[in-house]
Amino acid sequence: QVQLVESGGGSVQVGDSLRLSCTGSGYSARDNHMTWFRQALGKEREVVGVTDNDGRLTYASAVKGRFTISNDNSKNILYLQMNNLTPEDSAMYYCVSASGLACKARLWRGDATNWGQGTQVTVSS
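Computed from a predicted structure; not experimentally measured.

**Q** Would you mind showing me how to read the overall build of the protein here?
**A** When helices and strands are counted, the protein shows 1 helix and 12 strands. Each helix (α) and strand (β) of the protein, taken in turn from the N terminus, gives the series β-β-β-β-β-β-β-β-β-β-α-β-β. Here the C-alpha coordinates of the protein stretch approximately 45 × 25 × 25 Å along the principal axes. Taking all 125 residues of the protein together, the buried fraction comes to 43%. Here the contacts in the protein between residues at least 6 apart in sequence split such that 59% fall between residues at least 24 apart. Here the protein displays about 6900 Å² of accessible surface, and carbon together with sulfur accounts for 44% of that area.

**Q** Would you mind going over the pattern of salt bridges with me for this structure?
**A** Oppositely charged side chains can pair when the atoms bearing their charge come close. Applying the stated criterion across every chain yields a total of 4 salt bridges. Across the salt bridge formed by Arg38 and Glu46, the nearest N and O atoms sit 2.8 Å from each other. For Arg38, a relative accessible area of 6% gives the class buried. Taking the shortest distance from any N to any O, the salt bridge between Arg38 and Asp89 comes out at 3.0 Å. Highlighted residues: Arg38 in strand S4 (residues 32-39) and Asp89 in the loop between strand S9 (77-82) and strand S10 (91-99), separated in sequence by 51 residues. For the residue pair Arg38 and Asp89, the accessibility class agrees, reading buried in each case.

**Q** Explain the side chain of Ser90 here, please?
**A** Within the secondary structure, Ser90 sits in the loop between S9 and S10. The buried category is assigned to Ser90, whose relative accessible area is 19%. Of the polar contacts made by the side chain of Ser90, one reaches the backbone nitrogen of Val123; its length is 2.8 Å. With residues near it in sequence (within four places) discarded, Ser90 still touches Ala40, Val121, Thr122 and Val123.

**Q** Got a minute to help me understand the state of the cysteines in this structure?
**A** Every disulfide links exactly two cysteines, by a covalent bond between their sulfur atoms. Tallying each qualifying case throughout the model produces 1 disulfide. The disulfide partner of Cys22 is Cys95, and the gap between their sulfur atoms is 2.0 Å. Its torsion about the S-S bond being -75°, the disulfide of Cys22 and Cys95 is classed as left-handed. Residue Cys22 is found in strand S3 (residues 18-25), and its partner Cys95 is found in strand S10; the two are separated by 73 residues along the sequence. Pair check on accessibility: Cys22 and Cys95 agree, each one buried. The cysteine Cys103 is free of any disulfide, with Cys95 supplying the nearest cysteine sulfur at 14 Å. Take Cys103: its relative accessible area is 5%, and that puts it in the buried class.

**Q** Help me understand the packing of aromatic side chains in this model?
**A** A ring pair, where both rings are aromatic, is described by two values, the distance of the centres and the angle of the planes. This model, assessed by the stated rule, comprises 2 aromatic pairs. On the basis of an interplanar angle of 75° and a centroid distance of 5.4 Å, the ring pair of Phe37 and Trp115 is categorised as edge-to-face. Taken together, the residues span a long stretch of sequence, with Phe37 in strand S4 and Trp115 in strand S11 (residues 114-115) at a distance of 78 residues. Taking the relative accessible area as the measure of exposure, Phe37 reaches 0% and is therefore buried. Here Trp115 falls in the partly exposed class, since its relative accessible area comes to 34%. An aromatic cluster is built from Phe37, Tyr94 and Trp115, whose rings are joined through pairwise contacts.

Cut-offs applied
- Residues numbered from 1 in each chain as written.
- Predicted model: local features only at pLDDT ≥ 70, side-chain atom pairs only at ≥ 80, totals over all residues.
- Heavy atoms only, no water.
- Helix = DSSP H or I, 4+ residues; strand = E, 2+ residues; numbered from the N terminus.
- Buried < 20%, exposed > 50% of the residue type's maximum accessible area, 1.4 Å probe, protein only.
- Contact = heavy atoms within 4.5 Å.
- Areas by Shrake-Rupley, 256 points an atom, 1.4 Å probe, with all protein chains shown as cover.
- Salt bridge = Lys/Arg side-chain N within 4 Å of Asp/Glu carboxyl O.
- Polar contact = N/O pair within 3.5 Å; in protein donor to acceptor, adjacent residues only side chain to side chain.
- Disulfide = S-S within 2.5 Å.
- Phe/Tyr/Trp six-rings, centres within 6.5 Å; stacked < 30°, edge-to-face > 60°.

This is the structure we're talking about:
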């Protein structure tokens, strides 16, 4: 059973930074990809970023230049560094994963096989 556990969320003020962490277990690294989704109240699910077929990490326009996804493969940890936070970044942030040859494409569509419990980020002015 794949398990994804997020941590690092909290309540911050505009301009602050947070780093979210996701620890994954129970899966093989073959043909799988992990990334971050987020969903705020009254808004649709948003894909934070996904690596494309050329190995480039593409971010949603709303977070580009402020958010950075990185990973430590040896420890199966995925990070999301969030800088210069705004109230529009307030959302439940989910660590997600998908497997298979088309896993990256599926993640771009907001379709994930495995979801973490989520960690809440609240940004106040």
